[in-house]
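Chains, contacts and geometry: an overview
Below, each chain spelled out in residue letters.
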Protein chains: 2
Amino acid sequence: MVLLREEIGDVLRDARRQQGRTLREVSTVARVSLGYLSEVERGQKEASSELLASICGALDVPLSSVLRAVSEKFARAEGLSVTGVAVPDTVPADLADGLPGLRGSGLVSAA
Amino acid sequence: MVLLREEIGDVLRDARRQQGRTLREVSTVARVSLGYLSEVERGQKEASSELLASICGALDVPLSSVLRAVSEKFARAEGLSVTGVAVPDTVPADLADGLPGLRGSGLVSAA
């Protein structure tokens, strides 16, 4: 099972690396310990709502953007978990109506 | 400041009420205590990633949908915090280009 804290950690780490910043820099600005930020990024610790807001502020990334990215990762995972059961690579659109998460996943054919 | 746990709680409570289900029903299916679910819905407790997944499962709502709804609520709040500084009720569209979050907020005029 994919967990929320793991996906949030991935998105935060990607944002920090894209900015070329170190754990130390971001943790200092966010006023969290380096170890805490590292654990959050690795999905080993649940970030409290307050500290998640602080980390997003330090990265200058809106929390809405982080959540949208995480939502999209989950949507793909949910689509894949459906197809992982018994469904072929592409599914007729009318069949896909009964499979939440497939639409928009790229796994539904137009026909 | 709007907090993640509060927005998640609102979305979960709305989903449960739309289904006409009680705290007791959903908490039983999710295998969490009624008090815990109630506190999560009121934004008073951070749901762990595991229990959040369990609650979404009990509601039969994909976590991706919950996060998308929460992301949209934050995006609106972030837009409002911009307009809260110095911007009038409506803003010309060309000016709004420089104000992330204003588009789609209903605060940008078409002209």
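Preceding this section is the structure that the text describes.
Below or above, wherever it landed, is the structure these notes cover.

What counts and how
- Residues numbered from 1 in each chain as written.
- Chains lettered and ligands numbered in written order.
- Predicted model: local features only at pLDDT ≥ 70, side-chain atom pairs only at ≥ 80, totals over all residues.
- Heavy atoms only, no water.
- Helix = DSSP H or I, 4+ residues; strand = E, 2+ residues; numbered from the N terminus.
- Buried < 20%, exposed > 50% of the residue type's maximum accessible area, 1.4 Å probe, protein only.
- Contact = heavy atoms within 4.5 Å.
- Areas by Shrake-Rupley, 256 points an atom, 1.4 Å probe, with all protein chains shown as cover.
- Buried area = accessible area lost by both parts, 1.4 Å probe.
- Salt bridge = Lys/Arg side-chain N within 4 Å of Asp/Glu carboxyl O.
- Polar contact = N/O pair within 3.5 Å; in protein donor to acceptor, adjacent residues only side chain to side chain.
- Nonpolar A, V, L, I, M, F, W, Y, C, P; charged D, E, K, R; others polar.

Each helix and strand counted, chain A has six helices and zero strands in total. From first element to last, N terminus to C terminus, chain A shows the α and β order α-α-α-α-α-α. Looking at the 111 residues of chain A, the share that counts as buried comes to 40%. Considering only contacts within chain A whose residues lie at least 6 apart along the sequence, 49% involve residues at least 24 apart. Here chain A has roughly 6,000 Å² of accessible surface; of this, 53% comes from carbon and sulfur atoms.

Time to look at the interface of chain B and chain A. Listed per partner, the contact involves 21 residues of chain B and 21 residues of chain A. Regarding the contact of chain B and chain A, the summed buried area is about 1,700 Å², with carbon and sulfur atoms giving 63% of it. Note that B:Arg5 and A:Glu50 form a salt bridge whose closest N and O atoms lie 2.7 Å from each other. Between chain B and chain A we count twelve residue pairs in polar contact (both at pLDDT 80 or more) in total. If you list the elements that add at least two residues to the side of chain B that touches chain A, you get helix H1 (4-18), helix H4 (49-59) and helix H5 (63-86) of chain B. Looking at the side of chain B that touches chain A, the element that brings in the most residues is H5(B), giving nine residues. Of the residues belonging to the side of chain B that touches chain A, the class tally is twelve nonpolar, four polar and five charged.

With that settled, consider the side chain of B:Glu41. Along the chain, B:Glu41 turns up in helix H3 (residues 34-41). Those residues in contact with B:Glu41, other than ones at most four positions away along the chain, are B:Gly9, B:Asp10, B:Leu12, B:Arg13, B:Arg16 and B:Leu23.

Moving on, we come to the side chain of A:Arg16. Within the secondary structure, A:Arg16 is located in helix H1 (residues 4-18). When residues no more than four places from it in sequence are discounted, the contact partners of A:Arg16 are A:Arg21, A:Thr22, A:Leu23, A:Val26, A:Glu41 and A:Leu59.

Within the chain, B:Arg31 stands out as a residue other than glycine whose phi angle is a positive 60°. The topology assignment puts B:Arg31 in the loop between helix H2 (23-30) and H3.

Throughout the structure, instances matching the rule amount to 13 salt bridges over all chains. The partner of A:Glu41 in a salt bridge is A:Arg16, with the nearest N and O atoms 2.6 Å apart. Taken together, the residues span a long stretch of sequence, with A:Glu41 in helix H3 (residues 34-41) and A:Arg16 in helix H1 at a distance of 25 residues. Judged by relative accessible area, A:Arg16 falls into the buried class, the value being 8%. A single salt-bridge network, built from bridges that share partners, covers A:Arg5, A:Glu46 and B:Glu50.

Distances and angles like these do not, on their own, reveal function.
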